[in-house]
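Observations on chain architecture
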Amino acid sequence: MKDWLLQIFTWWNGQTIGTRFHTWRHGERVGEDEFGNVYYRTKGGVKDKALGFQRRWVIYKGEAEASKVPPGWNGWLHHTVDVAPSEESYQPREWQQPHQQNWTGTALAYRPQGSTLAEGERPAATGDYEAWTPGR
């Protein structure tokens, strides 16, 4: 019951009733990423008459946050590549790190040393900075 109420009254939590209906009627599941996000395109790969290309969309698992989409799926969603990651056998290189969402604005955000939000004591000023004064 809670999930249905969330679909009716929130747009940022998974999918809305309208998106669910549109996906059921016009969508074709293409694949799922490691985070549980599910990707769709128009049935049969039909091009949208108004746009001139195939519609592609994602149903997020949990909160709708675009930075949760891994690079391969992002390229497919934005028509940078034609082949979805689920339809190819790509293996990442050993130097490539796994995708992480953008944590800006959360408690997990990166805070460099010297930031007013960083933990610990801020280092003392070194005196190598001279403030600008108008007219000087």
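Residues numbered from 1 in each chain as written. Predicted model: local features only at pLDDT ≥ 70, side-chain atom pairs only at ≥ 80, totals over all residues. Heavy atoms only, no water.

**So, the packing of aromatic side chains**
Tallied over the full model, the rule gives 4 aromatic pairs. Residues Trp-73 and Trp-76 carry aromatic rings whose centres are separated by 5.6 Å and whose planes lie at 90° to one another, so their mutual orientation is edge-to-face. Taken together, the residues Trp-73 and Trp-76, both in helix 3 (residues 71-77) and 3 residues apart, mark about one turn of the helix. What makes Trp-76 buried here is its relative accessible area of 0%. (Phe/Tyr/Trp six-rings, centres within 6.5 Å; stacked < 30°, edge-to-face > 60°. Helix = DSSP H or I, 4+ residues; strand = E, 2+ residues; numbered from the N terminus. Buried < 20%, exposed > 50% of the residue type's maximum accessible area, 1.4 Å probe, protein only.)

**Looking at the nonpolar core**
What tends to happen in soluble globular proteins is that the nonpolar side chains get buried as a cluster. If you look at the biggest cluster of nonpolar residues, it comprises 9 residues: Val-30, Tyr-39, Val-58, Tyr-60, Val-69, Trp-73, Trp-76, Leu-77 and Ala-84. Among the elements that line this core, the one with the most residues is helix 3, at 3 residues. Residue contacts for Ala-84: discarding those within four places in its chain leaves Val-30, Trp-73 and Trp-76. (Core = buried A, V, L, I, M, F, W, Y, C linked by side-chain atoms within 4.5 Å. Contact = heavy atoms within 4.5 Å.)

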